[in-house]
Structures are given as C-alpha cells and as structure tokens.
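Given next are the chains, with one letter for each unit.
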Amino acid sequence: MAGRLIVFEGTDGSGKSTQFARMCRALEEGGVPFRRLIFPQYQEESSALLRMYLRGEFGSHPQDVNAYAASTFYAVDRYASWKLGWGAYYQAGGLVVADRYTTSNAVHQAGKCPPEEREEFFRWLEDFEYRRLGLPRPDLVLWLDMPTDRAVENLRRREAATHTTGDIHEVDSAYLAQCRSVAAQAAAFGGWQRVPCVDSGGELLGVEELHRQIMERVLPLIENQTAEGRTLDN
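Residues numbered from 1 in each chain as written. Predicted model: local features only at pLDDT ≥ 70, side-chain atom pairs only at ≥ 80, totals over all residues. Heavy atoms only, no water.

Enquirer: Looking at this structure, how should I read the sheet that holds strand β5 (residues 193-196)?
Expert: As a general point, the strands of a sheet are linked pairwise by backbone hydrogen bonds and lie either parallel or antiparallel. With parallel pairing, five strands are arranged side by side in an open sheet as β2-β3-β1-β4-β5. What marks the edges here is a single partner per strand, and that holds for β2 (35-38) and β5. Direction aside, neighbouring strands of the sheet carry axes that sit 20° apart on average. As defined by bridge partners, strand β4 (residues 140-145) adjoins β5 across four bridges and the pair is classed as parallel. When the bridges of β5 are listed, Leu142 appears paired with Gln193. (Pairing = 2+ DSSP bridges. Helix = DSSP H or I, 4+ residues; strand = E, 2+ residues; numbered from the N terminus. Axes fitted to C-alpha atoms, helices over the stretch in contact; angles between N-to-C directions.)

See the structure below:
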C-alpha cells in the first residue's frame, strides 16, 4: 500500500526551505508521523556528479551542461535515497515530505531547451524518473512562486550574512528569471498548486500567512490518508 508524497518546489531565494521547515514543525506538533527529505543530498556519495556540476567543473554556466545530462545527476541522487532510505517506509503507507524532487529538474533544466521542446522534456523527465527509475509520483506539489527580483534580494542577503557565494544557479539572475517562467509551464503541465509569495499589491507575504495557505492545501491530503486507514507509523 503506497504512502503519500508532498513536495515543496520553488526557485532559489523563494523561501521554500523556511516554509518546508515550518510545515514539518506543524506536523510534529500535530503528532503526524512522517519522513522528511531534502534534495540534493550533498553529504551522500550519490551526489558526487551534481556537486561537480554546481561547482562549475563541467562549465561555469548552467547552459554548459544540457538539460538531459544534468537531470541524470540529480535523478541518481534521488534513486539512491529511495533505495537506501525511504522507499520501504513509503511503500508501507508512510507520509513523506520533500524539499525539492523530480520537479526541480523541470524548474532548473527545462529552460535549457527551446520553448517549443519543453513539454517534450517534461514528458521525458516523468517517464525517466517515475516509470523507468520507479520513483513515486508526488501526490501534491506546492510551488512557491516568488518574483525574481525579490528572490535575488533574498539570495544576496543570505550570501552577505554567511560570507558565501552561491552556486552557478544562484549567482545567475537571468537564469533565475528563466526558471520562474519555466516553473509556471511545468506547474501547468504537472498540475502543481501555485502558492504566491506576494499579495496583489506586490508586497511579500509573511512567513505565517504563507504557512497558513500551505497547510490549507496539505491538511486535506493528510486527512484523506488517515481516513483510508494507511499506516503512518515511523
């Protein structure tokens, strides 16, 4: 009996990790058993190729590695995590929540394809990861839609605070803008739920307001799973 998989998606600087952590805390406080995943798994051997890619060893710009090649780096990392970590728990009916997933390949890699070829890439990606690799398809994808200028401000602020420089994706503002546009295409193709990070006047929504909107989407899925009698024990 398969479990449930909830995925958080968004461009770099969207506040995705903050909202992911906030939701996990809410599930813990509510006594809901679950497993959390954060991709990529930089600390694992399975991420070796993608770490080389992000450091610029295959080229200093994202476009130096084509969408299909770069996607395989991330897919292998997910496959290893599924086989060695959370696969059995999910297959026993467990709830799994993930910060990034296959969806990130759609956001970050499809923009390397000409616009008229992007849906073909989306179809290839789903076939490759969900059918050929056997990874589960998400039940819910929450796309945090942050305007690029605000996302860039967040990234530069983080870099200044931590005295670090972003990877080849994070330092390329034009690339981030393209990713937001592509994410909108991917969301329409894949049926993702858009969660706007700004109000109608362009003002950033607060952390708690975004969390409230996210939980409105998450709770029905969790309630349905419990009603179906799925096993959620750790």
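Enquirer: Sorry if this is basic, but what is going on with the environment of Asn66 here?
Expert: One can find Asn66 in the loop between α2 (48-54) and α3 (67-91). Take Asn66: its relative accessible area is 46%, and that puts it in the partly exposed class. Remark: the alpha-carbon pair of Asn66 and Gly111, spanning 45 residues in sequence, is separated by 9.9 Å. Setting aside anything within four residues of it in sequence, one finds Asn66 in contact with Gln109 and Lys112. Of the polar contacts made by the side chain of Asn66, one reaches the backbone nitrogen of Tyr68; its length is 2.9 Å. (Buried < 20%, exposed > 50% of the residue type's maximum accessible area, 1.4 Å probe, protein only. Contact = heavy atoms within 4.5 Å. Polar contact = N/O pair within 3.5 Å; in protein donor to acceptor, adjacent residues only side chain to side chain.)

Enquirer: What should I look at first to understand the environment of Phe128 in this one?
Expert: Position of Phe128 relative to the elements: it lies in helix α5 (residues 118-132). The sequence separation of Phe128 and Ser71 amounts to 57 residues, and the corresponding C-alpha distance is 9.8 Å.

That's the geometry; what it means functionally is another story.
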